[in-house]
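This is what each chain is made of:
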Amino acid sequence: MEEFTQRQKKIGGILQQDLAEVLQKAASDGGLRNIIISVSKVNVTTDLSMAKIYLSIFPNKEAKPLLEGIKSNKPLIRHELAQRTRHQLRRMPQLEFFIDDSLEYIDGIERSLKGEDNPLENPDLLGKRKKS
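What you see is a predicted model, and the numbers here were worked out from it, not measured in a lab.

Novice: Would you explain the overall build of the chain in this entry?
Specialist: Each helix and strand in the chain was counted, giving 5 helices and 3 strands. Listed by position from the N terminus, the elements making up the chain come as α-β-β-α-α-β-α-α. Evaluated residue by residue, the chain yields a buried proportion of 27% over its 132 residues. For the chain, the accessible area works out to roughly 9,600 Å², and carbon and sulfur atoms hold 52% of it.

As C-alpha cells, this is what we get:
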C-alpha cells in the first residue's frame, strides 16, 4: 500500500468534501430523488495531477448508470470544483471516478456468516462448490 504525503491527504480531503456537495446538489437538481451519493475516498497522485475518486451510491442498482452520467459530466464537475477550491489549489487535478464496492463486499460476507449462504449451516451448498 502506498504512503500519502500530508499535502496529498489535505488536497484529497478538500476535494472529497466539495465533491460530495457538488454531486449531491447535481443529483437533486437533476430530479433524482431517494439517491445518496457519497465520496468514500479520494487518492491524489504525488504530482497532484490526478485524483482517483471512489463513490458509494445507494441504492446500488443505480450505481452504474449514475457513474456513467458522472463520467460524461467530468468537465463540468471539474470546473465547479475548481471554482470552489480556487483559493486552496493552483491547479485542479484530472478526475477519475470509480465505484466503491467495499460495503457490498462486507455485506456479502455478513450474509454468508448469518447463514443465508453459509455451508456450515446449509451442507447442500457444499455440493454446489466446484471441486478442485
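Novice: Got a minute to help me understand the confidence of the model for the chain in this structure?
Specialist: A low pLDDT means the predicted coordinates there should not be read in detail. Per-residue pLDDT for the chain averages 84, and the proportion of residues at 70 or more is 85%. Highest mean pLDDT in the chain belongs to strand 3 (residues 94–99) (95); lowest belongs to helix 5 (residues 124–128) (60).

Novice: Is there a simple way to think about the layout of surface pockets in this case?
Specialist: Any empty space left between the atoms is revealed when a probe the size of a water molecule rolls over them. Within this model, the largest pocket holds a volume of roughly 350 Å³. Together, 17 residues line the largest pocket, and Val22, Leu23, Ala26, Ala27 and Ile77 are the ones closest to its centre. Sorting the residues of the lining of the largest pocket by element identifies helix 1 (6–29), helix 2 (63–72) and helix 3 (74–84) as the ones contributing at least two each. For the lining of the largest pocket, the leading source of residues is helix 1, giving 6 residues. Its residues assigned to classes, the lining of the largest pocket comprises 10 nonpolar, 3 polar and 4 charged.

Novice: Sorry if this is basic, but what is going on with the pattern of salt bridges here?
Specialist: Once their charged atoms are close, side chains differing in charge can pair, the charge on each being opposite to the other. Applying the stated criterion across every chain, the model contains 4 salt bridges. Asp29 is paired through a salt bridge with Lys25; the nearest N and O atoms lie 2.7 Å apart. Taken together, the positions of Asp29 and Lys25, both in helix 1 and 4 residues apart, correspond to about one turn of that helix. Residue classification places Asp29 among the exposed positions, given a relative accessible area of 54%.

Novice: Honestly, a nonpolar patch on the surface in this entry has me stumped. Any pointers?
Specialist: The grouping of Leu103, Tyr105, Ile106, Ile109 and Leu113 at the surface amounts to a nonpolar patch, some 550 Å² of accessible area in total. Mapped onto the elements of the fold, Tyr105 is located in helix 4 (residues 102–114).

Rules and cut-offs
- Residues numbered from 1 in each chain as written.
- Predicted model: local features only at pLDDT ≥ 70, side-chain atom pairs only at ≥ 80, totals over all residues.
- Heavy atoms only, no water.
- Helix = DSSP H or I, 4+ residues; strand = E, 2+ residues; numbered from the N terminus.
- Buried < 20%, exposed > 50% of the residue type's maximum accessible area, 1.4 Å probe, protein only.
- Areas by Shrake-Rupley, 256 points an atom, 1.4 Å probe, with all protein chains shown as cover.
- pLDDT = per-residue confidence, 0-100.
- 1 Å grid on protein atoms, 1.4 Å probe; cavity = no way out; pocket = protein on both sides within 12 Å on 5 of 7 lines; lining within 4 Å.
- Points joined across faces, edges and corners; volume = space filled by probe spheres on them.
- Nonpolar A, V, L, I, M, F, W, Y, C, P; charged D, E, K, R; others polar.
- Salt bridge = Lys/Arg side-chain N within 4 Å of Asp/Glu carboxyl O.
- Patch = residues over 30% accessible without salt bridge, like charges linked within 9 Å, V, L, I, M, F, W, Y side chains within 5 Å.

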